[in-house]
Amino acid sequence: MRWQNSVRVVTIAATLLLTSTAAQAQNAEQTPVAANGILSVCGKTLCNGSGVPVQLRGMSTHGLQWYSQCVNDQSLDALAQDWQADVLRISMYIQEGGYEEDPARFTEMVDQYVEEASERGLYAIIDWHMLDPGDPYYNLDRAKTFFTEMAKRHKDKTNVLYEIANEPSGVDWARIKSYAEELIPVIRAADPDSVVLVGTRAWSSLGVSDGADEREVVDNPVNAENILYTFHFYAASHGTEYLDALSRAADQLPMFVTEFGTQEATGDGGDDFGMAEQYIDLMAAKNISWTNWNYSDDARSGAVFKEGTCENGPYPGTGQLKPAGAWVRERVM
Ligand code: IDC
């Protein structure tokens, strides 16, 4: 229809003039993926298929071995339509009852959630949730097997991002970099144009939790294209020192905050919305995409739903949300 075409032209023109969020780039009929297409790193940020910088905002699942019941048709509809999220981070633990116990089961589970996200026009981050042990090499062979399979299955999609190391710890940056340089070519062999997210030292704190900072990455970046580095923060534990490191880093490196909470690093305790707001403002100003931890009804304050929600829902609205959930839903919107 002619009328629709002219609306689209105006939308595209407006989009080109603005540094837009993925949500802003959508019109009422378009999902984030339909509006933005395949993403790539341009300069220090993510750009959409037309080369316009985008900020993705969304949620991370909890560990799928514990809380996959919270990731279902209704809850994903709520995330896409009610929350108007752009992105779902699919958090697959390796240890603690995760992938290493039953690779086939977790491969199929992640695969299914990628399809569910795709059906709703959401970007999907496949999170290799290595945590303890913190040396990414401990799981290298598993990671090669898993990501080869994922990349083969999803190479033709435009909405899949690969996060190859949730939170390295107890190892220096050189070792993480070397792990990334072994694994990224494995992914790219099957899916050459995919965006890859690389964890940073000391629980993806850019080294700050080990007394270092972003300079170790700036001075010695991963030898690969189309990657971003991850930063995680929990606002009640990680104050100005962490905020400043993220701010400096974002001027020199493509950054993606794939995990944060408004509470303590345990994912529990009181919310520090004031500090969290400073991070939100920084991420908006520097176009840093983010996913919040987590989309479940775990008892901790950082799980967005009140306990028991995932038995029957309902998921839309704020009725079932904890304070952190209501706060983050507004910011996703
Ligand atoms: C927490 C979960 C909790 C689980 C614990 C250990 O909420 O149920 O028992 O992990 O597996 C992270 C991690 C993330 C943590 C989260 C909150 O990436 O796995 O989740 N956190 O502690 N880094 C900083 C905080």
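Relevant structure appears above.
Residues numbered from 1 in each chain as written. Predicted model: local features only at pLDDT ≥ 70, side-chain atom pairs only at ≥ 80, totals over all residues. Heavy atoms only, no water.

## Here's the deal with the site of the ligand
Tyr93, His129, Glu167, Glu259 and Ala265 are the nearest of the 16 residues found near the ligand. The side chain of Glu167 places a nitrogen or oxygen atom 2.6 Å from a nitrogen atom of the ligand. The backbone of Ala265 places a nitrogen or oxygen atom 2.7 Å from an oxygen atom of the ligand. For the ligand, whose unbound accessible area comes to 500 Å², protein coverage reaches 81%. Split into classes, the residues belonging to the shell around the ligand amount to six nonpolar, five polar and five charged. (Near = heavy atom within 4 Å. Polar contact = N/O pair within 3.5 Å; in protein donor to acceptor, adjacent residues only side chain to side chain. Areas by Shrake-Rupley, 256 points an atom, 1.4 Å probe, with all protein chains shown as cover. Nonpolar A, V, L, I, M, F, W, Y, C, P; charged D, E, K, R; others polar.)

## What to know about the environment of Ser91
Mapped onto the secondary structure, Ser91 falls in strand E4 (residues 87-93). Separated by 67 residues in the primary sequence, Ser91 and Thr158 place their C-alpha atoms 19 Å from one another. Those residues in contact with Ser91 that lie beyond four places of it in its chain are Ser60, Thr61, His62, Gly63, Leu64, Asp127, His129 and Trp293. Of the polar contacts made by the side chain of Ser91, one reaches the side chain of Asp127; its length is 3.1 Å. (Helix = DSSP H or I, 4+ residues; strand = E, 2+ residues; numbered from the N terminus. Contact = heavy atoms within 4.5 Å.)

## Overview of helix H8 (residues 173-190)
With 18 residues, H8 ought to run about 26 Å at 1.5 Å a step, and its terminal C-alpha atoms sit 26 Å apart, in line with that. The set of residues buried in H8 consists of Trp173, Ile176, Lys177, Tyr179, Ala180, Leu183, Ile184, Ile187, Arg188 and Ala190. (Expected span 1.5 Å × (residues − 1). Buried < 20%, exposed > 50% of the residue type's maximum accessible area, 1.4 Å probe, protein only.)

## Focus: helix H12 (residues 273-285)
An ideal rise of 1.5 Å per residue puts 18 Å on 13 residues; H12 measures up with 18 Å between its terminal C-alpha atoms. Three or more residues of H12 are buried, namely Met275, Ala276, Tyr279, Ile280, Leu282 and Met283. One side of H12 holds all its buried residues, which, seen down the axis, span an arc of 165°. The inward-facing, buried residues of H12 contact strand E8 (227-234), helix H11 (240-250), strand E9 (255-261), strand E10 (289-293) and helix H14 (323-332). Two residues or fewer past H12, Asn287 is found with a positive phi of approximately 60°. (Arc of directions from axis to C-beta.)

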